[in-house]
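Residues per chain are reported as follows:
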Amino acid sequence: MTPQEIFDNLQAKFGDAIIDLTENVDPWIRVKPESIADVCHYMRTDAALGFESLMCLGGVDYGDHLTVVYNLCSYAHKHTITLKVEVGREEPKVPTVEAVWRIANWHEREAYDMYGIVFEGHSDLRRILCPDDWEG
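Note that the structure is a prediction, hence the values are computed from the model and not measured. Residue positions are given per chain, counted from 1 along the sequence in the order it is written. pLDDT decides what is reported in this predicted model: residues at 70 or higher carry local features, side-chain atom pairs at 80 or more are listed and counted, and totals for whole chains, interfaces and linings draw on all residues regardless. Hydrogens are left out, water is left out, and the side-chain values use all remaining heavy atoms of the structure.

K.L.:
Break down the sheet that holds strand 2 (residues 28–31) for me, with residues and values.
P.N.:
Strand order in the open sheet formed by 5 strands is 1-2-5-4-3, and the pairing between neighbours is mixed. With one partner strand each, in any of the chains shown, strand 1 (18–22) and strand 3 (53–61) form the two edges of the open sheet. When the angles between neighbouring strand axes are averaged without regard to direction, this sheet yields 20 degrees. Relative to strand 2, strand 1 is paired through 4 bridges, and the arrangement is antiparallel. The residue of strand 2 that forms the bridge with T22 is W28. Contacts are residue-level and defined by heavy atoms, with any inter-residue pair within 4.5 Å sufficient. Think of each axis as a best-fit line through the C-alpha atoms, taken over the contacting stretch in the case of a helix, with angles from 0 to 180 degrees between the N-to-C directions. To qualify as a helix, a DSSP run of H or I must reach at least 4 residues; to qualify as a strand, a run of E must reach at least 2; elements of each kind are numbered from the N terminus. Sheet strands in contact with helix 1 (residues 3–14) are strand 1, strand 2 and strand 5 (79–88), and its direction is about 175 degrees off that of strand 1. In short, DSSP must find at least two bridges between two strands for them to pair.

K.L.:
Tell me about the environment of E52, and name the residues and values.
P.N.:
Here E52 shows up in the loop between helix 2 (36–45) and strand 3. When the C-alpha atoms of E52 and C73 are compared, they prove to be 6.7 Å apart, with 21 residues separating the residues in sequence. In contact with E52, not counting residues within four places along its chain, are R44, C73, S74, Y75, A76 and W101. A distance of 2.7 Å separates the side chain of E52 from the backbone nitrogen of Y75, its partner in a polar contact. Two N or O atoms count as a polar contact when they lie within 3.5 Å, although within protein this holds only if one can serve as hydrogen donor and the other as acceptor, and sequence-adjacent residues are included solely when both atoms are side-chain atoms.

K.L.:
Hey, could you go over the packing of aromatic side chains for me, with residue numbers and the actual values?
P.N.:
Two aromatic rings, drawn from Phe, Tyr or Trp (for Trp, its six-membered ring), form a pair once their centres lie within 6.5 Å of each other, and the interplanar angle then sorts them: stacked below 30 degrees, edge-to-face above 60, tilted otherwise. If you walk through the whole model with that rule in mind, you get 1 aromatic pair. Centroid distance F14 to Y42: 5.5 Å. Interplanar angle 75 degrees. Geometry classified as edge-to-face. With F14 in helix 1 and Y42 in helix 2, this residue pair connects regions lying 28 residues apart in the sequence. Positioned above the aromatic ring of W28 is the side chain of K84, whose terminal nitrogen or guanidinium carbon lies 4.0 Å from the ring centre. The ring of W106 has R109 lying over it, and the distance from NZ or CZ to the ring centre is 5.2 Å. The criterion is that NZ of a Lys, or CZ of an Arg, lies within 6 Å of the ring centre and within 35 degrees of the ring normal, and then a charge sits over that ring.

Here it is, written out as structure tokens:
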């Protein structure tokens, strides 16, 4: 599937929870934070999409907001896509995708530790790199 076909599929299923598609060297789709877990579950379980692999999940600090970046791959269909969720700095909360891809456990802990992004529903959200008493 092309990035546009993936975007159209998601927008047909989730409506305005799928904000926009940016097509460049690495196309990405912006998703509303509260919908990310449902969107990811659908992307893994839908036969036409089949994104069985979360290759990477990371945080990005843009100064005025934080972003969680999800790099997904379907080996069966040989397509990839990136999802992005933007959250405010004041209350950076995003639902966990740990139930969709177990590897998200470690990636979300790192984003929590480095950027303070809280992954709601995470089974073990605690620091993974910095000491427990770290402030910053």
